[in-house]
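# Working through the structure, step by step
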Amino acid sequence: RQINEMKVIYSEKHCLHNPPKEFELGRFVPYKECTGRVDSILSSLRARNLGEIVAPNDYGLGPIAAVHSKEFIAYLQNAYEEWVKVGGNPEGVFPDVSAVRDFANLRKWKQNPPQRNFPYSRDGGPLGRPGYYCFDMTGVIAEGTFQAAYEAAQVALTGAELLIEEKAHGIFALCRPPGHHAQRDLCGGYCFFNNAAIAVRHLIHVLKVGRVAIIDIDYHHGNGTQEIFYENSNPLYVSLHGALDYPFYWGAEDEVGENEGAGFNVNVPLKMGTQDKEYIEALQTIIDTRVKEYNPQIVVVSLGVDTYANDPIGGFFLTTPAYIQIGRALSSLRCPTLFVMEGGYAVEEIGDNVTNVLQGFENYI
Ligand code: OKS
Ligand code: ZN
């Protein structure tokens, strides 16, 4: 084919989010979720003529506020300015404290927050908020972070709209920053707004899609997406991820959903060192069983390629050709699919790995 039909939604505003550093193993190191990741992806997409690259529409804050709390959105909007005002490092917001939320019991905690000791505000005020709304040291809020995160959500929303409007079989939302770790009122893991969850909620509640399945193939468990939909039977959330790795407190097999959502959260932890064959078999198996049984009308793929062998943080050993097979496995559902970009930090190879998934999908659909 000269040019494939898969549209790519992209905005250069991702560049507004560019913190110089993150804190890892007690040291400041260069920020791995960097702008160069997107350059690598764009250059592979262009080299292979995957499809037209289009700018996002603006759906406003409404669809974001349908997933995230208004206090959290206000925090992300004001955090940087507030931080600099209290004397914080202008390179970005890093919490001095961590609000001790018991993640294992977080769902109950949220429904019934303990009486707290702060007489002035529930989140601890300007110096307490960073620890209250962020769970790690990679969710660094720098000067343009809010605008970039807002735009990434619009990229995902535009992908959802076009998928339905144009009856497309596949759309790629090139989101940056990524989203799957972001919960209703918690950022972290390079994520601020949960782009995939925002698109999925829009698909279900605005575009009236009956059943959506999310397949999260990023190396890390998508704790944000899991938590947002934990009590819902629509969408189905399925995640394949490195067992006992980051984000540590989520991703076990016994997290199956609650109430109406019981049975609609499916975690498939795979051992560190997993290679092509075992990975593709595990993916095809879960597609052929849980996803096919659910019979989705739309599939949303949280597309991370940090499962790659040379990824600096992932613990699997997938090769570049394996991503074509992953795309092929996803195409076997014969279902319109929105791909939403998540992680992947081997900057050189991330472009080819992502494009392989999309091309594998396109070639077999
Ligand atoms: C600790 C490692 C931080 C990992 C963040 C994971 C981001 C990601 N320094 N999520 O899918 O790729
Ligand atoms: Zn990841």
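Refer to the preceding data block for the structure.
About the criteria used
- Think of each chain on its own: its residues are numbered from 1, step by step along the sequence as written.
- Chains carry letters from A onward and ligands carry numbers from 1 onward, assigned in written order.
- This being a predicted model, a pLDDT of at least 70 is required before a residue's local features are given, and a value of 80 or more before pairs of side-chain atoms are given or counted; all residues contribute to the totals for chains, interfaces and linings.
- With hydrogens and water set aside, each side-chain value is computed from the structure's full complement of heavy atoms.
- Planes of paired rings set the category: under 30 degrees apart is stacked, over 60 is edge-to-face and the rest tilted, where pairs are Phe, Tyr or Trp rings (Trp by its six-membered ring) whose centres lie within 6.5 Å.
- Numbering of helices and strands starts at the N terminus; helices are DSSP runs of H or I of at least 4 residues and strands are runs of E of at least 2.
- Working definition: with a 1.4 Å probe on protein chains only, accessible area under 20% of the residue-type maximum means buried, over 50% means exposed, and in between means partly exposed.
- Remark: a charge is flagged as sitting over a ring if the NZ atom of Lys or the CZ atom of Arg is within 6 Å of the ring centre and within 35 degrees of the ring normal.
- Grid points spaced at 1 Å over the protein atoms alone were grouped into cavities, where a 1.4 Å probe fits but cannot get out, and pockets, open sets with protein on both sides within 12 Å along at least five of seven lines, with lining residues defined by an atom within 4 Å of a point.
- Grid points are joined across faces, edges and corners, and a volume is the space filled by probe spheres set on the points.
- Polar here means any residue outside two lists: the nonpolar Ala, Val, Leu, Ile, Met, Phe, Trp, Tyr, Cys and Pro, and the charged Asp, Glu, Lys and Arg; Gly therefore counts as polar.
- For the charge count, each Lys or Arg is scored as positive and each Asp or Glu as negative, with His and the chain ends excluded.
- Any Lys or Arg side-chain nitrogen located within 4 Å of an Asp or Glu carboxyl oxygen qualifies as a salt bridge.
- Each polar contact in these results corresponds to two N or O atoms within 3.5 Å; when the atoms are within protein, one needs to be able to donate a hydrogen and the other to accept it, and residues that are neighboring in sequence are counted only if both atoms are side-chain atoms.
- Here a residue-residue contact requires only that any non-hydrogen atoms of the pair lie within 4.5 Å.

## A word on the packing of aromatic side chains
Counting across every chain of the model gives 19 aromatic pairs. With centroids separated by 5.3 Å and ring planes inclined at 90 degrees, the aromatic side chains of Phe 28 and Phe 94 adopt a geometry described as edge-to-face. With a gap of 66 residues between them, Phe 28 in strand S3 (residues 27–30) and Phe 94 in the loop between helix H3 (70–85) and helix H4 (106–111) connect regions that are remote in the sequence. Given the relative accessible area of 47%, Phe 28 is considered partly exposed. For Phe 94, a relative accessible area of 8% translates into the label buried. On the basis of an interplanar angle of 75 degrees and a centroid distance of 5.8 Å, the ring pair of Tyr 246 and Phe 248 is categorised as edge-to-face. The exposure class of Tyr 246 is buried, given its relative accessible area of 19%. Here a set of aromatic residues connected by ring pairs shows up, and it is made of Phe 72, Tyr 75, Tyr 132, Tyr 133, Phe 146, Tyr 150 and Phe 193. Over the face of the ring belonging to Phe 28 we find Lys 21, whose NZ or CZ atom lies 5.9 Å from the ring centre.

## A closer look at the layout of surface pockets
Roughly 390 Å³ of volume is contained in the second largest pocket. Along the walls of the second largest pocket sit 24 residues, with Glu 24, Asp 136, Thr 138, Tyr 246 and Ile 313 positioned nearest its centre. Class assignment of the residues belonging to the lining of the second largest pocket gives a composition of ten nonpolar, seven polar and seven charged.

## Some points on the side chain of Asp 311
Among the secondary structure elements, Asp 311 is positioned in the loop between strand S9 (298–303) and helix H10 (322–331). Here Asp 311 is buried and forms no salt bridge, its nearest opposite-charge partner Arg 37 lying at an N-O distance of 7.4 Å. At 2.8 Å, the side chain of Asp 311 forms a polar contact with the backbone nitrogen of Ile 313. Only 3.0 Å separates the side chain of Asp 311 from the backbone nitrogen of Gly 314, close enough to count as a polar contact. The contacts of Asp 311, once residues within four sequence positions are left out, are Val 305, Asp 306, Gly 344, Tyr 345 and Ala 346.

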